[in-house]
Amino acid sequence: MPHFVGTAIVRAFNKTFACTGWSENRLKRFKPNVNYQVVEITNKSGDHAVYYPNAEFLSLKLIYAPETGKILGAQGVGHAGVDKRID
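One numbering rule holds for all chains: residues counted from 1, following each sequence as written. At least 70 in pLDDT is required for a residue's local features to be given in this predicted model, at least 80 for side-chain atom pairs to be given and counted, and no such filter applies to totals for whole chains, interfaces and linings, which use all residues. Calculated side-chain values reflect all of the structure's heavy atoms, with hydrogen atoms and water omitted.

A. How the structure looks around the pairing of strand β4 (residues 58-65). Strands were regarded as paired on the criterion that DSSP finds at least two bridges between them. Helix and strand assignments follow DSSP, with helices taken as H or I runs no shorter than four residues and strands as E runs no shorter than two, numbered in order from the N terminus. Here β4 runs beside strand β5 (residues 70-78); their pairing, made up of eight bridges, is antiparallel. Across the sheet, alanine 65 pairs through a bridge with lysine 70, a residue of β5. Here β4 hands over to β5 after four residues, with glycine 69 in that stretch at a positive phi of 80 degrees.

Written out as structure tokens, the structure is:
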């Protein structure tokens, strides 16, 4: 596999979907011997300050290698601000 990181951001049906780096499925397929953990972070607060109206929830998923501390990939979905967090 080449050593570069791909990033994609798509807006569809009033939601934003974003990903960068390795996904969990790609890691299982191409690097089965890599020790990694999946941490799923769900932000229960709004995507912007709570004193502004129309705050929406977002969900982020982070994949990292615990022995090195390197982030291998991340995915996110929400209404706004997902692209900024994946950047």
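Anyway, onward from the coordinates.
B. Looking closely at the packing of aromatic side chains. Between rings of Phe, Tyr and Trp, where Trp is taken as its six-membered ring, a pair exists when centres lie within 6.5 Å; planes separated by under 30 degrees are stacked, by over 60 edge-to-face, and by other angles tilted. With the rule as written, the count across this model stands at zero aromatic pairs. Criterion for a charge above a ring: Lys NZ or Arg CZ within 6 Å of the ring centre, and within 35 degrees of the ring normal. Looking at arginine 26, its charged tip hangs above the ring of tryptophan 22, at a distance of 4.7 Å from the centre.

C. Looking closely at the pattern of salt bridges. We define a salt bridge as a side-chain nitrogen of Lys or Arg found within 4 Å of a carboxyl oxygen belonging to Asp or Glu. Enumeration according to the criterion identifies three salt bridges in this entry. Ionic pairing is found between lysine 28 and glutamate 24, a salt bridge with its closest N-O pair at 3.8 Å. One end of the pair, lysine 28, and the other, glutamate 24, are both in helix α1 (residues 24-30), four residues apart, so they sit about a helical turn from each other. Salt-bridge contacts for lysine 61 lead to glutamate 24; the nearest nitrogen and oxygen are separated by 3.1 Å.

D. Geometry of the side chain of threonine 16. Mapping threonine 16 onto the fold places it in strand β2 (residues 15-21). At 3.0 Å, the side chain of threonine 16 and the side chain of arginine 11 are in polar contact. Leave out the neighbours within four places in its chain, and threonine 16 touches Ile9, Val10, Arg11, Gly76, Val77, Gly78, His79, Val82 and Asp83. Any N or O atom pair separated by 3.5 Å or less is treated as a polar contact, with the protein-specific requirement of one donor-capable and one acceptor-capable atom, and with residues adjacent in sequence counted only for side-chain atom pairs. When checking whether two residues touch, look at their non-hydrogen atoms; a contact exists if any pair is within 4.5 Å.

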